[in-house]
Amino acid sequence: MQVDKAKKRIAKQVGKGFRGYPLVSLEYFGKTPDSATEVIISFTMEEGADPQKQTFVTSGDARDDETIQSTLVKIIERADAKTVTEIDGITTLNEN
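If you're wondering where the values come from, they're calculated on a predicted model, not measured in any experiment.

**With respect to the sheet that holds strand β4 (residues 83-92)**
Spatially, four strands are ordered β3-β2-β1-β4 in an open sheet, and the strand pairing comes out mixed. On the outer flanks of this sheet lie β3 (52-57) and β4, each paired with one strand and no other. Averaged over all neighbouring strand pairs, the angle between strand axes comes to 15°, with direction disregarded. Direction of pairing for strand β1 (residues 23-30) relative to strand β2 (residues 38-44): antiparallel, over a ladder of seven bridges. Bridged to Y28 within β2 is V39. Across the face of the sheet, helix α1 (residues 3-15) comes into contact with β1 and β4 while running at roughly 110° to β4. Most of the contacts of helix α2 (residues 66-78) go to β3, to which it runs at about 165°, and overall it touches β1, β2, β3 and β4.

Rules behind the numbers
- Residues numbered from 1 in each chain as written.
- Predicted model: local features only at pLDDT ≥ 70, side-chain atom pairs only at ≥ 80, totals over all residues.
- Heavy atoms only, no water.
- Pairing = 2+ DSSP bridges.
- Helix = DSSP H or I, 4+ residues; strand = E, 2+ residues; numbered from the N terminus.
- Axes fitted to C-alpha atoms, helices over the stretch in contact; angles between N-to-C directions.
- Contact = heavy atoms within 4.5 Å.

Structure below.
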């Protein structure tokens, strides 16, 4: 799947707002606010349940990585998620 197509499919799901559970949440992380080298996808089956998380890491920008974006779409579809949320922007990682 092309990266632009995958990003549009994710954005469409995010745009629907909260529609119930199961819920999938996406959060991007990076060393700078300009490049996301990591994305964490969280799956929550029902309200109050502990989320299951999976992390994807890349040397480039995860938002432009065709493999990662296509995988995120497949996870969302297979989870039959009613709600998809995305944390705006990139959370910067502090290295000590």
